[in-house]
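# Secondary and tertiary structure notes
Letter by letter, the chains look like this.
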Amino acid sequence: MSYSYHALKEAINSLKRYRTHSISRHHERYSFPFLSGTYFSYRKIDVLRLVSIAYSVSKDPSYLDVGCGYGDFLKRIRQYIPNATGIEKNSEIFYECGIGKPNFIKIADAQWGIEQNYDIIFVGWMDPGVDFRDAIKSRSDVVITTLDQGLSLAAEYDGHGYRRIAYWRTPSWDDVNYEILNRHYTKIPLETYLKLSNMRRAHNLWYIYCSNETKSEVIVKALKRNNNEECKSLSNRYDFENVLDECGFRYLESTGDPISCEERLWEICFDNS
Ligand SMILES: C[S@@+](CC[C@H](N)C(=O)[O-])C[C@H]1O[C@@H](n2cnc3c(N)ncnc32)[C@H](O)[C@@H]1O
């Protein structure tokens, strides 16, 4: 997803206008994900799951976020993996938004290769027509992707030497954004609002891929162990998670989607070996 200088300027102005009438400081995270949040919505448990995967394969894990944007998610990861880094090809996100570029984010294009090996590579996105999966493959045994159904399907790594070992589902930014807009910022009859609300979907898939069988086993064990613990620590969470609850995207909430009817939000599904 590349933005022209002009589009970015327009988005920044639009965000400034939005702030004059928004009723919660957390809403812009879902309405302006590029500038104020992420394209996948997450809770602290997502961060903790990735952290548990990283520490299951290494005592001192190296972690790279490819296409990290301005680093919203990466900063959360760095609270647990302090030397985690990111690469982002669009420098304007920093300069136009007046955000200082942190040293842990390097301006680089993954398409031209990744400089070193990592224990974990996290890939949130690949632009249509771009494929850097081979560059990733040579640099890590473990790849975690977030895949927005219908938008970034090319982000699957089966067939690139990896096997998917686990996955879970969360809403994408626009699943939450529609609900926020209909609920708080649009004048529509209640009946219409309820109809729209019942059409709620959750389109974002987190896929864990691994190319090494021993590491796969270790990661699955860590995720299962972590899963038992996370139910006990759900109150320890980020302040913006209230918006997800309010919009009907609660932990283990049924998606109501006929295609994924067996899956509940944030429920970890394990692939058979
Ligand atoms: C959809 S945005 C996601 C940003 C962030 N991960 C998030 O969820 O908010 C995709 C990001 O990947 C960056 N990107 C796309 N292709 C890239 C590449 N080949 N190398 C590095 N960054 C890339 C884009 O500039 C953009 O910031």
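Below you will find a few notes about this structure. Remember, it's a predicted structure, so these values are computed and weren't measured experimentally. (Residues numbered from 1 in each chain as written. Predicted model: local features only at pLDDT ≥ 70, side-chain atom pairs only at ≥ 80, totals over all residues. Heavy atoms only, no water.)

Glancing now at the overall build of the protein chain. A tally of regular secondary structure across the protein chain gives 11 helices and eight strands. In terms of overall size, the protein chain behaves like a compact globule, its C-alpha atoms giving a radius of gyration of 19 Å where 273 residues would be expected to give roughly 19 Å. Seen through its principal axes, the protein chain has C-alpha atoms that stretch 55 × 45 × 35 Å. Per-residue burial over the protein chain gives 52% buried out of 273 residues. Contacts spanning at least 24 positions in sequence make up 68% of the contacts within the protein chain whose residues lie at least 6 apart. By element, 51% of the accessible surface of the protein chain is carried by carbon and sulfur atoms, the whole surface being about 13300 Å². For the protein chain, the distance from the average position of its 35 positive side-chain charges to the average position of its 37 negative side-chain charges is 4 Å. (Helix = DSSP H or I, 4+ residues; strand = E, 2+ residues; numbered from the N terminus. Rg over C-alpha atoms; globule rule 2.2 N^0.38 Å. Buried < 20%, exposed > 50% of the residue type's maximum accessible area, 1.4 Å probe, protein only. Contact = heavy atoms within 4.5 Å. Areas by Shrake-Rupley, 256 points an atom, 1.4 Å probe, with all protein chains shown as cover. Lys, Arg positive; Asp, Glu negative; His and termini not counted. Charge placed at Lys NZ, Arg CZ, Asp CG, Glu CD.)

Applying the stated criterion across every chain yields a total of 16 salt bridges. The closest approach of N and O atoms between Glu115 and Lys106, which form a salt bridge, is 2.9 Å. According to the relative accessible area criterion, Glu115 is exposed, its value standing at 66%. Glu241 is the partner of Arg237 in a salt bridge, and the nearest nitrogen-oxygen pair spans 3.9 Å. (Salt bridge = Lys/Arg side-chain N within 4 Å of Asp/Glu carboxyl O.)

One finds Leu50, Tyr63, Phe73, Ile77 and Ile219 to be the most contacted residues of the largest nonpolar core, which totals 55 residues. For this core, the element with the most residues is helix H4 (residues 44–57), which contributes seven residues. Sequence-distant contacts of Ile77, that is, excluding residues within four places in its chain, are made with Val47, Leu50, Val51, Tyr63 and Ala84. Ile136, Leu147, Tyr162 and Tyr167 belong to the second-largest nonpolar core, a separate cluster that totals 23 residues. (Core = buried A, V, L, I, M, F, W, Y, C linked by side-chain atoms within 4.5 Å.)

Another point: the sheet that holds strand S8 (residues 269–270). Judged by pairing direction, the sheet is mixed, and its eight strands sit side by side in the order S3-S2-S1-S4-S5-S7-S6-S8 without closing on themselves. The strands lining the two open edges of the sheet, one partner per strand, are strand S3 (105–107) and S8. Note: strand S6 (residues 163–170) against S8, two bridges, orientation antiparallel. Among the inter-strand pairings, Tyr167 is bridged to a residue of S8, identified as Cys269. The strands that helix H10 (residues 213–230) touches are strand S5 (142–148), S6, strand S7 (204–210) and S8; relative to S6, the one it contacts most, it runs at about 30°. (Pairing = 2+ DSSP bridges. Axes fitted to C-alpha atoms, helices over the stretch in contact; angles between N-to-C directions.)

Residues in close proximity to the ligand total 19 residues, the closest being Tyr39, Gly67, Glu88, Asp109 and Ala110. Gly67 is positioned such that a nitrogen or oxygen atom in its backbone is 2.8 Å from a nitrogen atom of the ligand. Out of a free accessible area of 590 Å², the ligand has 97% covered by protein chains. Residues belonging to the shell around the ligand are distributed by class as follows: nine nonpolar, six polar and four charged. (Near = heavy atom within 4 Å. Polar contact = N/O pair within 3.5 Å; in protein donor to acceptor, adjacent residues only side chain to side chain. Nonpolar A, V, L, I, M, F, W, Y, C, P; charged D, E, K, R; others polar.)

With that settled, the discussion passes to the side chain of Ser58. Here Ser58 shows up in the loop between H4 and strand S1 (63–66). A polar contact of 3.0 Å, which involves the side chain of Ser58, links it to the backbone nitrogen of Asp60.

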